[in-house]
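Chains, contacts and geometry: an overview
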Amino acid sequence: MEEVRSTTAWVATHSSHVTVDFSGIEKVAETMKNSIPKVEWDFEGIHYFDNGPLTVQYLLVLDTLNFCFWPDEEMSYDHLASGLKVTLESDKFAFDADRLQKYTGPQLRKMLNWPRPLPLEDERLRLLHEVGFELEKSFDGKASKLVESCDKSAAKLVALIARHFPDDIVLTTSSDGLKQEIIALLNSEFAMTDLGFRDHTVYKGHQIFLYKRAQIFAADLWGAFKGQGYGDFEDISSITIFADYIVPAVLLQLGVLRYSSSLANIIKKNTEIVSGSEEEVELRACSVYAVEKMKELISKKVGKQVLSVELDLWLWAFGIQCPSLQHHRTLSIYY
């Protein structure tokens, strides 16, 4: 994941709205050096786990749908994880590749026991259909075969996911003019260059890689299987944190990040920040860079390797336990 580290570092050194505070990193590292938090992957018991291929299928479906909960204040990641768990426990074939391609909005809501449309529901369905299609086309319908093909490399797994999911966009509109407008939008400076798991964007003329959900899939496998079996990755240290909307808010509270007055006011007013804008990219990229520096410093202080995955789990758990934490708001399939 060197491209994630190098490009997010570039953003941090050219950022206009978010600043990484190295004195804040030092304080956090000093506090944590004697008690590095260890957070269990399934500390709330909300995930499906059978120690086999069906768990891998579950995790890919989970991470395909794992984005953008904030528009519905009552919705959370827990609803997604536990709803999919209950679905699979009652129907072992619910996540077969052919069925993933056919789910409708009402069916997805029923899975999650949710009474109203989900945030970005159409996007969730589109991604679910495309993952089912690609699994069937390239991996005999099995997410486990995708994982087996990565040769125990988390970095290779992330690259495979970014390459395969979703398949290329098919423009079905009959209007050539509209097709060209869509293509121009997808290629615009502020648009993500691909959809789904291909989480990269353009910032001040430079391509920036983040790969949040693809990395989460690798980390979920590692955590669920406790580094064994399907979670046995020889390079789990290559994974960075997962740039979402919770972690920047936690880092701000810890004094690791500082915001410009204009950005702070936008967040305070709950004004939506456009996906791919300078502010949004800086919030995510500076978070990755700051935690990488934090990891390096803690590792140096304790004399052993600390994983970004471990720090991310701790930061995320810290954040969800603080209901008053105010995060930025962006409608995005990337987080």
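Summary of the structure given here. Source: prediction; values computed, not measured.

Moving on to the pairing of strand β2 (residues 200–203). Pairing geometry for β2 and strand β3 (residues 206–209), over four bridges, is antiparallel. The residue of β3 that forms the bridge with threonine 201 is isoleucine 208. Taking the residues between adjacent antiparallel strands as the criterion, β2 and β3 are bridged by two residues, where lysine 204 takes a positive phi near 50°.

What follows deals with the environment of aspartate 232. Relative to the assigned elements, aspartate 232 resides in the loop between α11 (212–224) and α12 (246–253). Not counting residues up to four positions away in its chain, the partners in contact with aspartate 232 are Lys152 and Gly227. Among the polar contacts made by the side chain of aspartate 232, one reaches the side chain of lysine 152 at a distance of 3.2 Å.

Any two side chains of opposite charge can pair, on the condition that their charged atoms come close. Under the criterion given, the structure shown has 19 salt bridges. The salt bridge involving aspartate 21 is made with arginine 258; its shortest N-O contact spans 3.3 Å. In this pair, aspartate 21 sits in the loop between β1 (18–20) and α2 (22–32) while arginine 258 sits in strand β4 (residues 257–259), placing the two residues 237 residues apart along the sequence. Accessibility expressed as a relative area gives 43% for arginine 258, which makes it partly exposed. Close ionic contact of lysine 293 with glutamate 296 constitutes a salt bridge, the shortest N to O distance being 3.6 Å.

Another point: the packing of aromatic side chains. The tally for this structure, following the rule as stated, stands at eight aromatic pairs. Judged by centre distance (6.1 Å) and plane angle (80°), the rings of tryptophan 10 and tyrosine 203 are edge-to-face. Linking tryptophan 10 in helix α1 (residues 2–14) with tyrosine 203 in strand β2, this pair joins segments that are 193 residues apart in sequence. When the ring of phenylalanine 209 is compared with that of tyrosine 211, the centres are 5.8 Å apart and the planes differ by 40°; the resulting orientation is tilted. Look at tyrosine 211 and you get buried, because its relative accessible area is 9%. Members of the aromatic cluster, joined through ring pairs, are Phe49, Phe225 and Tyr230. Here the basic side chain of arginine 124 rests over the ring of phenylalanine 69, its NZ or CZ set 5.4 Å away from the ring centre.

With that settled, the discussion passes to the packing of α2 against helix α14 (residues 278–302). Packed helices, taken two at a time, are described by the angle their axes make and the gap between the axes. Relative orientation of the contacting elements α2 and α14 amounts to 45°, with a least axis distance of 9 Å. As far as their axial angle goes, α14 and α2 are oblique. As for the relative orientation of α2 and α14, their crossing is right-handed in sense. Between α2, through Phe22, Ile25, Glu26, Val28, Ala29, Glu30 and Met32, and α14, the contact on the second element is made entirely by Tyr289, Ala290, Lys293, Met294, Leu297, Ile298 and Lys301.

Quick notes on the rules
- Residues numbered from 1 in each chain as written.
- Predicted model: local features only at pLDDT ≥ 70, side-chain atom pairs only at ≥ 80, totals over all residues.
- Heavy atoms only, no water.
- Pairing = 2+ DSSP bridges.
- Helix = DSSP H or I, 4+ residues; strand = E, 2+ residues; numbered from the N terminus.
- Contact = heavy atoms within 4.5 Å.
- Polar contact = N/O pair within 3.5 Å; in protein donor to acceptor, adjacent residues only side chain to side chain.
- Salt bridge = Lys/Arg side-chain N within 4 Å of Asp/Glu carboxyl O.
- Buried < 20%, exposed > 50% of the residue type's maximum accessible area, 1.4 Å probe, protein only.
- Phe/Tyr/Trp six-rings, centres within 6.5 Å; stacked < 30°, edge-to-face > 60°.
- Lys NZ or Arg CZ within 6 Å of the ring centre and 35° of its normal.
- Axes fitted to C-alpha atoms, helices over the stretch in contact; angles between N-to-C directions.
- Parallel < 35°, antiparallel > 145°, perpendicular 65-115°, else oblique.
- Left-handed = near helix turned anticlockwise from the far one by under 90°.

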